[in-house]
Amino acid sequence: MKIKLSILFSIVFSLSLFAREKSPNILFIFADDHAYQAISAYGSNRNKTPNIDRIAKEGMLFNRAFVTNSICAPSRAVILTGKHSHMNGQLTNRDTFDGSQQTFPKLLRKAGYQTAICGKWHLKSEPTGFDFWQVLKGQGPYYNPPMISDQGIKNITGYTTDIITDVTLKWLKEDRDKNKPFFVMSQHKAPHRNWQPGPKYLSKYDNIDIPEPETLRDNYNNRLEPASTQAMTINRHLSVSDLKLKAPGNLTLEQKSKWDLAYGSKNKAFENANLEGDALLKWKYQRYVKDYLRCIDSVDENIGRLLDYLDESGLAKNTVVIYSSDQGWYLGEHGWYDKRWMYEESFRTPLIVRWPGVTKPGTHNKELVQNLDYAQTFLDICGVKSPNDMQGASIVPILKGKKIKNWRKSLYYHYYEFPGAHQVRRHYGVRTDRYKLIYFYMLDGWELYDLKNDPNELCSLYGKPDYEEITATLKTELTRLRKEYKVPTDNRPMSENVRKSKKKKKG
Ligand code: CA
């Protein structure tokens, strides 16, 4: 009997080991503010991203991936919890993430996964649910970043994008428990404002002009007031720190020769010395977009390092690689930089998934997916059941190439941070395959776009004849979504309510 039991035990043990070996690892590479317009796999006419393209070539690219609230910390909280901002409490960048709540890393860890996060965290509270974490303090600088872990603060010398990859690789190679499957988040600061390139790419694009977007000179006609009262235009709102130069003004020859002596005759400070009007806008756009793209070059190069390591170590075949960003970004579209809007460039975000042996290489998908789906997707990939209170859906069936009958037909969006940086009014709305309805509730104003006929969203059709029916349908859908997601009817951000109630108590 004793012998039989031990045989049985060893069979069960080897079966469980076999099952464990089959559990896929996940490498989640995440950028901050990476526009899909700056990825060649998405058709960029501005730059090339050979390593991100490699993930796309060997996996699936999502053409309609969106966020629920287009701003940094809230997007991260949505990803961790699989819940909308009003449910996870992170409505704006000002809030502190409640790390005691349920998150997918905690659930993966419980299921036997090793979990790690390296790089940008940006949620104020300490990371929870990770076996290993080494993260930037707040936004973190582009160079020589102090990094926090449960061992305290460590100052590291170098370029932050390279360092985040170094930290990720060190954990993968040396520090993780190799008997367990892993989930690791390698999260970049780049290409967040103020776009400081790495040493290697400082002069890339110096002698070329980057194409301008069609809507760089948008006049904001045919829309409500918010599009024109924001504070994120390239023309008026980029600072000296963003452009890394102060316009020296009109210099006399004598002054110029002094500058030449001090800074070198090829100093770019003179490029804008006598510019005004459209010429100045052109100069600022080039100056801004080139630094942004240089930051992407480092991100892309470092993705290559991670992919190479997966190949060399033999981990590639059982590791799902995912690339995404916390939201999209304006590379001059509508004359803007920054994010926040429900308009396409900031509402959309890149999402590319390589799952060897499961996802057909080189495929594109057009279903409406959202960062709300990431948590359930990660859990599903790892064979862990999602809790019922998560609000997204696993995209695993899509990754497996299955035809899904009941996939969502509409998306809900809600932006809260006003008053706040860049003065984008609070709004919520619904997007379907073709239409988008936005409600700027502080002004009680609506915008409606037909994305098929007006992909640049230049003309709101709200209130125009012949659009009554589609407007009514979208309003009904919006109400249904708000009910389904349990959105409170009081639209003020929770943080503001908390501040108000604290004030009351003090008073
Ligand atoms: Ca961001």
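Residues numbered from 1 in each chain as written. Predicted model: local features only at pLDDT ≥ 70, side-chain atom pairs only at ≥ 80, totals over all residues. Heavy atoms only, no water.

1. Observations regarding the packing of aromatic side chains
Working step 1: Counted by the stated rule, this structure contains 35 aromatic pairs.
Working step 2: Seen from their ring centres, Tyr288 and Tyr292 are 6.4 Å apart, and the 55° between their planes marks the pair as tilted. With Tyr288 and Tyr292 both in helix 11 (residues 277–313), this residue pair falls 4 residues apart, about one helical turn. Across the pair, exposure class does not vary: Tyr288 and Tyr292 are buried alike.
Working step 3: The interplanar angle of 70° and the centroid separation of 6.4 Å between the aromatic rings of Trp341 and Phe440 together place this pair among those described as edge-to-face. (Phe/Tyr/Trp six-rings, centres within 6.5 Å; stacked < 30°, edge-to-face > 60°. Helix = DSSP H or I, 4+ residues; strand = E, 2+ residues; numbered from the N terminus. Buried < 20%, exposed > 50% of the residue type's maximum accessible area, 1.4 Å probe, protein only.)

2. A word on the side chain of Thr168
Working step 1: Relative to the helices and strands, Thr168 is located in helix 6 (residues 160–175).
Working step 2: A polar contact is formed between the side chain of Thr168 and the backbone oxygen of Ile164, at a distance of 2.7 Å.
Working step 3: Those residues in contact with Thr168, other than ones at most four positions away along the chain, are Cys118, Val184, Ser186 and Leu306. (Polar contact = N/O pair within 3.5 Å; in protein donor to acceptor, adjacent residues only side chain to side chain. Contact = heavy atoms within 4.5 Å.)

3. Concerning the pattern of salt bridges
Working step 1: What the rule picks out here adds up to 34 salt bridges.
Working step 2: Of the charged contacts in the structure, one is a salt bridge between Asp311 and Arg54, with a shortest N-O distance of 3.0 Å. Of this pair, Asp311 sits in helix 11 while Arg54 is found in helix 2 (residues 50–57), placing the two residues 257 residues apart along the sequence.
Working step 3: Put simply, Arg354 and Glu58 hold a salt bridge, and the shortest N to O gap is 2.6 Å. Remark: Glu58 occurs in the loop between helix 2 and strand 2 (60–62) and Arg354 occurs in strand 10 (residues 351–354); sequence separation between them is 296 residues.
Working step 4: Its relative accessible area of 5% is what places Arg354 among the buried residues.
Working step 5: Residues joined in a network through salt bridges with shared partners are Asp33, Asp338, Lys339, Arg340 and Glu417. (Salt bridge = Lys/Arg side-chain N within 4 Å of Asp/Glu carboxyl O.)

4. A word on the sheet that holds strand 16 (residues 445–450)
Working step 1: Read from one edge to the other, the open sheet built from 4 strands follows the order 13-14-15-16, with strand pairing classed as antiparallel. Whereas interior strands pair on both sides, the edge strands pair on one side only; in this sheet they are strand 13 (410–415) and strand 16. Going across the sheet, the axis of each strand differs from the next one's by a mean of 15°, ignoring polarity. (Pairing = 2+ DSSP bridges. Axes fitted to C-alpha atoms, helices over the stretch in contact; angles between N-to-C directions.)

5. Some remarks on the coordination of the calcium ion
Working step 1: Of the protein atoms, only Asp32 (OD), Asp33 (OD), Cys72 (SG), Asp326 (OD), Asp326 (OD) and Gln327 (OE1) coordinate the calcium ion, at distances of 2.2 to 2.7 Å.
Working step 2: Mapped onto the sequence, the residues coordinating the calcium ion show the spacing D-D-x38-C-x253-D-Q. In terms of burial, Asp326 and Gln327 fall into one category: buried. (Donors = N, O, S within 2.8 Å, 3.2 Å for Na, K, Ca; no water.)

6. Thoughts on the packing of helix 2 against helix 11
Working step 1: For the pair helix 2 and helix 11, interaxial distance at closest approach is 7 Å and the crossing angle is 50°. Put simply, helix 2 runs oblique to helix 11. Touching Pro50, Asn51, Ile52, Arg54 and Ile55 of helix 2 are Asp300, Glu301, Ile303, Gly304, Leu307, Asp308 and Asp311, all from helix 11.
Working step 2: Its residues assigned to classes, the contact of helix 2 with helix 11 shows 5 nonpolar, 2 polar and 5 charged. (Parallel < 35°, antiparallel > 145°, perpendicular 65-115°, else oblique. Nonpolar A, V, L, I, M, F, W, Y, C, P; charged D, E, K, R; others polar.)

7. Describing unusual backbone geometry
Working step 1: The peptide bond linking Arg193 to Asn194 adopts the cis configuration, its omega dihedral lying at 10°.
Working step 2: The residue Asn194 is located in the loop between strand 8 (182–187) and helix 7 (226–229) in this model.
Working step 3: Residues Phe418 and Pro419 are joined by a peptide bond in cis, for which omega reads 0°.
Working step 4: Looking at the secondary structure, you find Pro419 in the loop between strand 13 and strand 14 (427–432).
Working step 5: For Asp466, which is not glycine, the phi dihedral falls at a positive 80°.
Working step 6: Mapped onto the fold, Asp466 is located in the loop between strand 16 and helix 15 (468–484).

8. Quick look at helix 2
Working step 1: Along helix 2, the residues that are buried comprise Asn51, Ile52, Arg54, Ile55 and Ala56.
Working step 2: Residues of helix 2 that are buried make contact with strand 2, helix 11, strand 9 (319–325) and strand 10.

9. Description of the pairing of strand 5 (residues 132–136)
Working step 1: Extensive coverage of strand 5 is indicated by the burial of 5 of its 5 residues.
Working step 2: One ladder, built from 4 bridges, connects strand 4 (residues 114–119) with strand 5; its direction is parallel. In the strand pairing of strand 5, Ile117 is matched with Trp133.
Working step 3: Bridge count between strand 5 and strand 6 (residues 146–149): 3 bridges; the pairing is antiparallel. The residue bridging Val135 from the neighbouring strand is Ile148, located in strand 6.

10. Focus: the nonpolar core
Working step 1: Ranked by size, the top nonpolar core spans 80 residues in total, and within it Tyr288, Tyr292, Tyr323 and Tyr343 carry the most contacts.
Working step 2: In terms of residue count, the dominant contributor to this core is helix 11 (15 residues).
Working step 3: Residues in contact with Tyr292, not counting those within four places in the same chain, are Asp33, His34, Ala35, Ala38, Pro191, Trp195, Trp329 and Leu331.
Working step 4: Phe62, Leu123, Phe378 and Val396 belong to the second-largest nonpolar core, a separate cluster that totals 42 residues. (Core = buried A, V, L, I, M, F, W, Y, C linked by side-chain atoms within 4.5 Å.)

11. Some words on the packing of helix 6 against helix 11
Working step 1: Running from amino to carboxyl end, helix 6 crosses helix 11 at an angle of 10°, the nearest separation of the two axes being 9 Å. For the element pair helix 6 / helix 11, the angle class is roughly parallel. Considering how the two elements wind past one another, helix 6 and helix 11 form a crossing that is right-handed. Seen from helix 6, the contacting residues are Thr161, Asp162, Thr165, Asp166, Thr168, Leu169, Leu172 and Lys173; seen from helix 11, they are Ser298, Val299, Asn302, Arg305, Leu306 and Tyr309.
Working step 2: Considered class by class, the residues forming the contact of helix 6 with helix 11 number 5 nonpolar, 5 polar and 4 charged. (Left-handed = near helix turned anticlockwise from the far one by under 90°.)

12. Some details on the pairing of strand 13
Working step 1: The buried fraction of strand 13 is high, at 6 of 6 residues.
Working step 2: What you see with strand 13 is no split at all: Ser410, Tyr412 and His414 on one side and Leu411, Tyr413 and Tyr415 on the other are buried throughout.
Working step 3: In this sheet, strand 14 lies alongside strand 13 in antiparallel orientation, the contact comprising 6 bridges. Looking at the pairing, Leu411 lines up with Arg431 of strand 14.

13. Digging into the side chain of Asn51
Working step 1: Mapped onto the secondary structure, Asn51 falls in helix 2.
Working step 2: Judged by its relative accessible area of 15%, Asn51 falls in the buried class.
Working step 3: What Asn51 contacts, discounting residues up to four positions off in sequence, is Asp300, Glu301, Ile303, Gly304 and Leu307.

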